[in-house]
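Fold and contact review
Chain by chain, the residues:
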Amino acid sequence: MNKDVLYIEPEDDITDIITKIEKSKEKIIALVPPKKAGVFRSVVNIKLINKAGKSAEKTIVLVTTDPSIVKLAAATKLPVTKDLQTAPVIPKEEKEEEDDTVSKEELVEESDGTVETVEDVEELEGGDKEDEESADEKSEKTEEKDEKAEDADEEEDEEDEKEPEAKNEKAKIAKEKPAKKRGELKPGNKIIAWLTEHKKIAIISGVGAVVLILLLVWALALAPSATVTVSIRTDSNNFSQAVSFVEKINEEDADAGKFYLEEKKVESTETVEFAATGKKNVGEKAKGEVVIYAFFKEKGAVQVSAGATFTLGDYSFTSDKAATLNWDGMTATDCENNGQASAITSGCLIYGRVDVTAVEPGSKYNIAESNTGWNTTAPVGVYSDKAMSGGTDKEITVVQQSDIDKAKESLKGANLEENKEKLLEQIGDNVMLIDSSLKQETLSAEATPKVDEEVKEGVKPTLKATTVTSVFVIDKTKVEEFITKKANLGEDKKIYEMNNPFIESFTKTEAGYTGKLKTSYMTGPKLTVSSIVDLIKGRGFGDAQHVLKDIDGVTEVKINGSFPWVTSIPGDSNKITVNLEIKDQSGNKVEQKEDEQSADEKSEKKDEKSEKTEEKQ
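Residues numbered from 1 in each chain as written. Predicted model: local features only at pLDDT ≥ 70, side-chain atom pairs only at ≥ 80, totals over all residues. Heavy atoms only, no water.

A few words now on the overall build of the chain. From N to C terminus, the chain includes 16 helices and 28 strands. By the burial criterion, 34% of the 617 residues in the chain qualify as buried. Long-range pairs, those at least 24 residues apart, make up 72% of the contacts in the chain with a sequence separation of at least 6. Carbon together with sulfur atoms contributes 48% to the accessible area of the chain, which is approximately 38,700 Å² in total. (Helix = DSSP H or I, 4+ residues; strand = E, 2+ residues; numbered from the N terminus. Buried < 20%, exposed > 50% of the residue type's maximum accessible area, 1.4 Å probe, protein only. Contact = heavy atoms within 4.5 Å. Areas by Shrake-Rupley, 256 points an atom, 1.4 Å probe, with all protein chains shown as cover.)

In this section: the packing of aromatic side chains. With the rule as written, the count across this model stands at 11 aromatic pairs. Ring geometry for F317 versus Y365: centroids 5.8 Å apart, planes at 90 degrees, classification edge-to-face. Of this pair, F317 sits in strand β15 (residues 315-319) while Y365 sits in the loop between β17 (348-358) and β18 (374-376), placing them 48 residues apart in sequence. By relative accessible area, Y365 is classed as buried at 3%. Ring-pair connections join several aromatic residues into one group, and the members of that group are F245, F472, F506 and Y513. (Phe/Tyr/Trp six-rings, centres within 6.5 Å; stacked < 30°, edge-to-face > 60°.)

It is worth spelling out the sheet that holds strand β19 (residues 381-383) at this point. With respect to topology, six strands assemble into an open sheet ordered β18-β14-β15-β17-β12-β19, the strand pairing being antiparallel. Every interior strand has two partners, whereas the edge strands, β18 and β19, have only one. The average angle at which neighbouring strand axes cross in this sheet is 35 degrees, direction not considered. One ladder, built from three bridges, connects strand β14 (residues 309-312) with β18; its direction is antiparallel. Residue pairing for β18: L312 is matched across the bridge by W374. (Pairing = 2+ DSSP bridges. Axes fitted to C-alpha atoms, helices over the stretch in contact; angles between N-to-C directions.)

All right, on to the pattern of salt bridges then. What the rule picks out here adds up to 15 salt bridges. In this structure, D66 engages R41 in a salt bridge whose closest nitrogen and oxygen atoms are separated by 2.7 Å. Residue D66 is found in the loop between β3 (59-63) and α3 (67-75), and its partner R41 is found in the loop between β2 (28-32) and α2 (43-55); the two are separated by 25 residues along the sequence. Here K518 makes a salt bridge to E504, at a shortest N to O gap of 3.0 Å. Placement of K518 in strand β25 (residues 512-525) and of E504 in strand β24 (residues 502-509) is noted, with a sequence separation of 14 residues between them. The class for K518 is partly exposed, based on a relative accessible area of 24%. Through salt bridges with shared partners, one network takes in E289, R353, D385 and K386. (Salt bridge = Lys/Arg side-chain N within 4 Å of Asp/Glu carboxyl O.)

With that out of the way, let us pick up the nonpolar core. Formed by 26 residues in total, the largest nonpolar core has its most connected members in V290, I292, V304, F310, F317, L325 and W374. For this core, the elements supplying multiple residues, two or more each, are β12 (287-296), β13 (300-304), β14, β16 (323-327) and β17. Considering each element in turn, this core owes the most residues, five residues, to β17. Every residue in contact with F317, bar those within four places of it in the chain, is listed here: A286, A308, T309, F310, V356, T357, A358, V359, Y365, I367, W374 and M388. Membership of the second largest hydrophobic core comes to 23 residues, among which are I14, I60, L78 and V80. (Core = buried A, V, L, I, M, F, W, Y, C linked by side-chain atoms within 4.5 Å.)

We now examine the packing of helix α14 (residues 529-536) against helix α15 (residues 541-549). At a closest axis distance of 10 Å, the pairing of α14 and α15 adopts a crossing angle of 130 degrees. With respect to their mutual orientation, α14 and α15 come out oblique. Regarding α14 and α15, the two cross each other, and that crossing is right-handed. Of the residues in α15, those in contact with I532, L535 and I536 of α14 are A544, V547 and L548. Considered class by class, the residues forming the contact of α14 with α15 number six nonpolar, no polar and no charged. (Parallel < 35°, antiparallel > 145°, perpendicular 65-115°, else oblique. Left-handed = near helix turned anticlockwise from the far one by under 90°. Nonpolar A, V, L, I, M, F, W, Y, C, P; charged D, E, K, R; others polar.)

Glancing now at unusual backbone geometry. Cis geometry is adopted by the peptide bond preceding P449, which originates at T448 and carries an omega value of -5 degrees. Following the sequence through the fold, P449 ends up in the loop between β21 (431-448) and β22 (462-475). One non-glycine residue, E57, adopts positive backbone phi at about 60 degrees. On the accessibility criterion, E57 (61% relative accessible area) is exposed.

Once that is clear, we can look at α3. Considered for burial, the residues of α3 that qualify are S68, I69, L72, A73 and A74. Against the buried residues of α3 lie α2, β3 and β4 (80-81).

On to the sheet that holds β21, then. The strands making up a sheet are joined through hydrogen bonds of the backbone, oriented either antiparallel or parallel. Across the sheet, which stays open at both edges, the three strands sit in the order β10-β22-β21 with antiparallel pairing between neighbours. In the strand order of this sheet, the two ends are held by β10 (262-273) and β21, each with one partner. Across the sheet, the axes of successive neighbouring strands diverge by a mean angle of 20 degrees, strand direction being ignored. When β21 meets β22, the two strands line up antiparallel, connected through 13 bridges. If you follow S444 over to β22, its bridge partner there is T466. Strands in contact with helix α12 (residues 416-427) are β10, β21 and β22; relative to β10, the strand with the most contacts, it is inclined by about 145 degrees.

Below you can see the structure in the form of C-alpha cells.
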C-alpha cells in the first residue's frame, strides 16, 4: 500500500499539520518532525493529530527517535517508527508510582516549557466525547465535581484539627519522596499557587499570547508579499526578406526561407437568380416539296438521305425521308418515267420529288417557288415548282448558355468572406494565410429551367452551383522562427511584439512559388517574469530597484509591499508579482496579445504547464 511522507517544517503549526493530513490522498501518512519541533512536544497536539487521522480514516505514523515525542505518542497510542524502512509500533507507556501527595488538580510542566493542568489535559482528552454529551450531563458532572471538592476540603479541615501530627508526618514523607515526573512542580511554588487561584486569567493570558504569536508569524512570515512593475522601452524594426515555397513537404527548408505550401479548401453550395435573355420561336414549321434531278451517262443510282438539307438564300429545309434516283440503262423507258421524254444519246436526265420541312418555325419560311438559287448537300440538282406553306410565328423567352455563364461568373465572389471564415475555423491559428492566393471557383452548376427551355411569365430562373474556396497557408511558427533568426538579436535582447507577418508579390514561376515575407517587430531587453523574480527575491526594495534599473532598456521600476512594514522582496517566488509594461519609443504603452508573446515567454508558460501536469500525476 502506498504511503504519503509529510516533512514538517519548524514554522508549521498544528493547523498546518492537520491541513496537510486532510489534503493527503493516501491512507497511510508518515509525519517526519524537524529537529526542533515544539508542536510535537505537547500531548494536546499529539492527540489532535491522532484525532485528525481518525476523522480522515487515515493511519498516522510518527517517524522519530526523540524520546519525549515517543513518550507522548505512547500516551495517545500513536504508532512510531525510527525510519521509513522500519515497521511502525505503538510504544509502551512507562508506569510510575503514583504520589499520594499529588492531587489531580496539580500542575504538570511539559518539556516545551508550556504549563498545563492535568485537569486541562483531561478536558482536551475528552474532546471527542464532549460533542456526544448533552448540556445536562455536563452540568451534572460539574456539580458532582464541585461536591467532591467541598467534601475533600471538609475532610481535610477535620483531619487538620484531629490529627495535626499525622498530617505533618505525611507532608514530611511527601517532601522527601522524589518527584514522580520530570518537570513536576512543588505545591509550594508561588507562581503555581497564583495560577491555580486565578485560573481564568491564566487561560485568557495564554490564549492571548498564542494569538499574538500567530499574528506576528502571519504579519512577518506569511502575509508579506511584493508587487514589482517594470517598464521596458522597445525599439521598432522592419523586416523584408525574399522567400520561396514548395508543394512537397520533404523539400521544405524553413531555415533557408523555403516553406512548405499547403492548400486548404472548403466547399459550399450557392444558389443565385439570373435573368433569361434568350428568345425562341415555337410556331409551326413551313412544309413543301422540291424537285431533284440527276444526269446519268450509264446505268446507276443516286441516293438522297433523310434529313438532307436544301437551301434557298437564308431559308433551309430538310428532306423528310430518303429518296433514290436511278437509271437501268434503257434510255427510252427510264428517261420518260419522270414526265420528260427527252432521250439524249449521250445519257439520261432523271427527275424525282422530295418532301421537305423548314429547319425552324416561322412564317418567313413560307417562300414562293423558284427554279434557280437552290443548293443542297445531296449529289443532285434541285429546284421548286411549288410554294412552301404552313409556317407560323410564336415567340417565347428561354434560358440560353450565355445567361448561365454570366450567373456562374457572379458566384466567384459570392459569400467569399463567409467562406474565408470557414477556412479560418478549419485551419486554426498555427498557420499563416497567403491572402493573395485566396480564390473561389465554381465546380458544377445546374440551371432551372435548363438551356433552351421556356421561362414562364413571373418565374425567375435560378442557378445552383457548387463552389470551392481555397487558399495557400504556411506554418506560422516556422515563419516567426525564421524572422527571429534573421533579426540577428544580441544575447541580451528579445522580440516583445511581432505584427502579423504577410506575403507580398506571391507569384507562380516555372521553379515554383516565390514571394516577399514582410512584418515589423519591437525589441527590448531579454527579461521574463521568472528571470526578474530570480534576480530580486530576498533583496531590499532599494537594492532590487537598483539592480533592475541597471539593465539597458529598463526605464522605470516600481515596488509595492503588501503592508507598510514590508521593506524587502520575499524569498518565496509565489509571493512576488511581476508586471511587465512594454512601451514604444514614444513612451506609449503596448498591449501584448497572447499570440504576440515572445518565444521565451511561450517556452516559460509551456514549462510551467508541464510542471503542473507532473505534479498532478
